[in-house]
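# Observations on the three-dimensional arrangement
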Amino acid sequence: MKKIISALSLLLLCSCSYLDVVPEGKATEEDIWKTEEQAENYRYYMQTYMPNLIGYDWSPDQFAGDDFITGARGTTYYFSSKSLLYGEENANLTYFGRWAPNCTSGGTNYDIYRGIRYCFYLLDNIYKVPAVSQENADRYAGEAWFLVGYYHQCLLEYYGPIVLVKKFIPIDAPESEILTPRTPYDECVKYIAECYDRAAGLLPDVVGESELGLPTKMAALSYKARLLLYAASPLVNGNPDYIGFNNPDGTPLMSTTYDPEKWKRALDAAAAAIALADEINPDTKKPKYDLYTSADSSLPDDERGRKNYHDTFVEESWNGTEFILAKGAQSGIQALQRYGGPRSIKGNMSKGWKTTLVPTMEAVEMYYTKNGLPLDVDPLTKDEDLYSVAPGDNTARLHRNREPRFYASIGFDRGTFEIDDKILTLQLRGGELHGSTLKETDEYQSCTGYLCQKWIHKSSTYNQSKNSYNYRKYAYPYLRLPELFYNYAEADFEYNGSLSPLSLEYLNRVRKRCGLPRFQDSWALVGGIPSGSELRKVLHQERSIEFLFEGRRFHDLRRWKEAPEVMNKEPRSWNRDGKTQEDFYQVIPANQGGRVRVFESPKSYWLAIPMSQINKNPNLVQNPGY
């Protein structure tokens, strides 16, 4: 355990300069490569440019989709994802300093291009270090190639076509090497995939407990699979919106011709990663990566599925069974707990759990029924008034007969919630302990009438007498094994027009873990598996449910080109101030503090290239719409 926490600190909390790893009194870059110890320190330092994806402040992923929402009173200064939701991002103002570290006050800078430069610096020098073994040199080089790919991929996902960096560029290099144009999207994808291939050839398949969080061959293959799935998707595969999006010399930055073979490449990449995951680890005699399970198999399917799914995220200090890449920045993980739990003291906003990070009603509606079908398809629910309360019940029909992942993730009025070493019954109506304070000026209250259980463990506690918190420590997943299964199924469908038996097997692995019937058995209840655009819709929902509140929905909505329809809708809520059952269970707009969501196409798909960079580099063109 101590080794794991130590690795977390090394990998996530370091913010030093590269000169911090050289001997005192000899602050020169050359000293880094004089001893293996210094080179190893530099190896960890290379990872400190990885953006923190956890929470409401550092990245847009978790809270700029349609599944997770922050309170109405919080300003963009503190909740930077709102800059994307409400159209505040532009070329002169960004809260996300990724392309260059020049975000506005309240934002977060990650000088990713500097991180790439330092990775190439290691690649140019690691084999010169005295006494470093070939095995270690290869390992460090593999990690550097992984990070070169990862850093470029981060930029690609936020900005579209980027400036590729393929070697170490000295700070005194001529302008011809520095002031280069953006590279066409498909060329970026090809180069990043090559980086991952190089990394995969040098990295170990898995790592031991003391090295959890370091890049592996599995991570390289998995991020390649994510990259190629995105590259095959409608946003960047034959999108006519990008006609005329060219470099100054006329070179098109996006191919506007659809290429179905991109889906085949995505399919093959997912298959390669899954094959490695399924290999048997000779040390453990188990698959190298597998879906995490914790529940006794004798439990009923619903309870077993709920426990398996919830424990996947918060039971282990580091879920090395399923998490292919994860990070343990406890500040963000603590924030998910502190600002996600139910209010501790009625009428007191300053102490206890401070409810403000909550599920949207749209996320609640997305979960399947207990039969593994959408609400509007299952005969059990499709003709019901789901927003009413059944006679003799005390909560909406919307909350009954749902799948195990719903109960593992969602806190609803009169439902249970595990925290403070006990199981609470949530009271979320107006004026109640966990509900609206009846004052819109109070910050810490749910703006939808829901709470998020997914990131909170029963052992997370608040001590009222000491005004102190005991947070559950765990690692946050950046990429989990189920993503590869969904990647395979989506690419299979898009390329072949249907789901192969292998795709069904992968979908059913995930369903079995969470206590749902097999995909084909669920759909047999309503005449069989749909086809065409209906099956595409189902696969998108199947994927989205598994990753709700993990930041993947933000990216998927964009690559599917569904974001304009989804993100321009006004989010909804229960009538939070309603004091009675009848008044509370009325659907009204969620409280957004008077703001209106804005998603403009094609502008809002990408962040703007900072104007400061365009002013420096005449070869850079701005993203469409800015």
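Please refer to the structure placed before this passage.
Residues numbered from 1 in each chain as written. Predicted model: local features only at pLDDT ≥ 70, side-chain atom pairs only at ≥ 80, totals over all residues. Heavy atoms only, no water.

### What about the overall build of the protein chain?
We count it as follows: Secondary structure is summarised from DSSP: a helix means a run of H or I of at least four residues, a strand means a run of E of at least two, and numbering begins at the N terminus for each. The globule rule used for comparison is 2.2 Å times the number of residues to the exponent 0.38, while the radius of gyration itself is calculated over C-alpha atoms. Partly exposed describes any residue whose relative accessible area lies between the buried limit of under 20% and the exposed limit of over 50%, with all areas from a 1.4 Å probe on protein chains only and scaled to the type maximum. In what follows, a contact means two residues having at least one pair of non-hydrogen atoms within 4.5 Å. For this count, His and the chain ends are skipped, Lys and Arg are scored as positive, and Asp and Glu as negative. For the purpose of locating charges, the reference atoms are NZ of Lys, CZ of Arg, CG of Asp and CD of Glu.
Assigned secondary structure in the protein chain consists of 21 helices and 16 strands. Against the globule reference of 25 Å for 626 residues, the protein chain gives a C-alpha radius of gyration of 24 Å, in line with a compact fold. In terms of overall dimensions, the protein chain has a C-alpha envelope of 75 × 60 × 55 Å along the principal axes. Evaluated residue by residue, the protein chain yields a buried proportion of 61% over its 626 residues. Looking at the protein chain alone, contacts between residues at least 24 apart form 69% of all its contacts between residues at least 6 apart. Taking the 72 positively charged and 82 negatively charged side chains of the protein chain as two groups, their mean positions are separated by 3 Å.

### A look at the packing of helix 5 (residues 134-159) against helix 8 (residues 217-232)
Defined as follows: Each axis is a line fitted through C-alpha atoms, taken for helices only over the stretch in contact, and angles between the N-to-C directions span 0 to 180 degrees. Roughly parallel covers angles under 35 degrees, roughly antiparallel covers those over 145, roughly perpendicular covers 65 to 115, and oblique covers all other angles. Handedness of a crossing follows from how the near helix is turned relative to the far one, being left-handed for an anticlockwise turn of less than a right angle and right-handed for a clockwise one.
Two elements in contact, helix 5 and helix 8, have axes separated by 11 Å at closest approach and are oriented at 25°. Taken as axis vectors, helix 5 and helix 8 run roughly parallel relative to one another. For the crossing formed where helix 5 meets helix 8, the hand is left-handed. Judged by residue contacts, F146, Y150, Q153, L156 and E157 of helix 5 engage A219, A220, Y223, R226, L227 and Y230 from helix 8.

### Quick look at the environment of Q520
As a reminder of what qualifies: Contacts described as polar in this section are N or O atom pairs within 3.5 Å, which, within protein, must combine one atom able to donate a hydrogen with one able to accept it, while residues neighboring in sequence count only if both atoms come from side chains.
Considering the arrangement of structural elements, one finds Q520 in helix 16 (residues 519-524). A relative accessible area of 23% places Q520 in the partly exposed class. In this structure, the C-alpha to C-alpha distance between Q520 and G372, residues 148 residues apart in sequence, is 9.9 Å. Setting aside anything within four residues of it in sequence, one finds Q520 in contact with L504, N508 and I529. Engagement of the side chain of Q520 in a polar contact is seen with the side chain of N508, the distance being 3.0 Å.

### Examining the packing of aromatic side chains
Put simply, the rule reads: By convention, a stacked pair of Phe, Tyr or Trp rings (six-membered ring in the case of Trp) has centres within 6.5 Å and planes under 30 degrees apart, an edge-to-face pair has planes over 60 apart, and any other such pair is tilted. Criterion for a charge above a ring: Lys NZ or Arg CZ within 6 Å of the ring centre, and within 35 degrees of the ring normal.
Under the defined criterion, the tally for this structure stands at 47 aromatic pairs. Arranged with centres 5.9 Å apart and planes meeting at 70°, the rings of Y49 and Y118 form a pair that is edge-to-face. With Y49 in the loop between helix 2 (36-45) and strand 1 (68-70) and Y118 in helix 4 (residues 112-125), the pair connects residues that are 69 residues apart, well separated along the chain. Judged by its relative accessible area of 11%, Y49 falls in the buried class. Taken together, a centroid distance of 5.9 Å and an interplanar angle of 80° make the contact between Y486 and F547 edge-to-face. With Y486 in helix 14 (residues 481-496) and F547 in the loop between helix 17 (532-546) and helix 18 (552-559), the pair connects residues that are 61 residues apart, well separated along the chain. An aromatic cluster of three or more residues is present, and its members are W33, Y42, Y45, Y49, Y118, Y121 and F168. The aromatic ring of Y44 is capped on one face by R43, whose charged end is 5.2 Å from the ring centroid. Taking NZ or CZ as reference, R402 lies 4.8 Å from the ring centre of F406, over its face.

### Section: the state of the cysteines
In plain terms, the rule: Any cysteine sulfur atom paired with another within 2.5 Å is treated as part of a disulfide.
All chains considered together, the criterion is met by 0 disulfides. Counting only cysteine sulfurs, C119 is the nearest neighbor of C195, a cysteine outside any disulfide, at a range of 9.8 Å. Unpaired in terms of disulfides, C447 finds its nearest cysteine sulfur in C452, a separation of 13 Å.

### Focus: the pattern of salt bridges
Applicable threshold: Throughout this description, the term salt bridge denotes a Lys or Arg side-chain nitrogen within 4 Å of a carboxyl oxygen of Asp or Glu.
Following the criterion strictly, the structure yields 48 salt bridges and no others. For E505, the salt bridge goes to R509, with nearest N and O atoms at 3.0 Å. Of the two residues, E505 and R509 are both situated in helix 15 (residues 501-513); the distance of 4 residues between them amounts to about one turn of the helix. Between D556 and R559 there is a salt bridge, with its nearest N and O atoms 2.9 Å apart. A residue pair is termed a helical-turn pair when its members lie 3 or 4 positions apart in one helix, as D556 and R559 do in helix 18 at 3 residues. An identical accessibility class is assigned to D556 and R559; each is buried. It is possible to trace a salt-bridge network through shared partners that takes in E322, E403, R405, K454, R480, R513, E546 and E550.

### A few points about helix 5
Heads up, the condition is: Expected span of a helix: the number of residues minus one, times 1.5 Å.
Here helix 5 spans 37 Å end to end across 26 residues, near enough to the 38 Å set by a 1.5 Å rise per residue. Positive phi appears at G160, one or two residues downstream of helix 5, with a value of about 80°.

### Some points on the side chain of S544
For S544, the location among the structural elements is in helix 17. A distance of 2.9 Å separates a polar side-chain atom of S544 from the backbone oxygen of H540.

### Thoughts on the nonpolar core
Note the following rule: Among buried residues, those of type Ala, Val, Leu, Ile, Met, Phe, Trp, Tyr and Cys that are joined through side-chain atoms within 4.5 Å constitute a nonpolar core.
Of all hydrophobic cores here, the largest spans 190 residues; its most connected members are F146 and Y150. Counting residues per element, this core draws most heavily on helix 5, which supplies 15 residues. In contact with F146, other than residues within four places in its own chain, are Y196, A199, L203, P215, A219, A220, Y223 and L325.

### Considering the environment of Y159
Positionally, Y159 belongs in helix 5. A residue is classified by how much of its surface remains accessible, and Y159, at 2% relative accessible area, is buried. Setting aside anything within four residues of it in sequence, one finds Y159 in contact with F96, R98, W99, R182, W606, L607, A608, I609 and N623.

### Some details on unusual backbone geometry
With an omega dihedral of 5°, the bond running from S601 to P602 counts as a cis peptide bond. Relative to the elements of secondary structure, P602 occurs in the loop between strand 16 (587-589) and helix 21 (611-616). The backbone of D421 shows a phi angle near 60°, a positive value even though the residue is not glycine. Residue position: D421 is located in the loop between strand 9 (416-419) and strand 10 (422-425). Overall, the relative accessible area of 55% leaves D421 in the exposed class.

In short, the description is geometric, and any link to function would need to be established separately.
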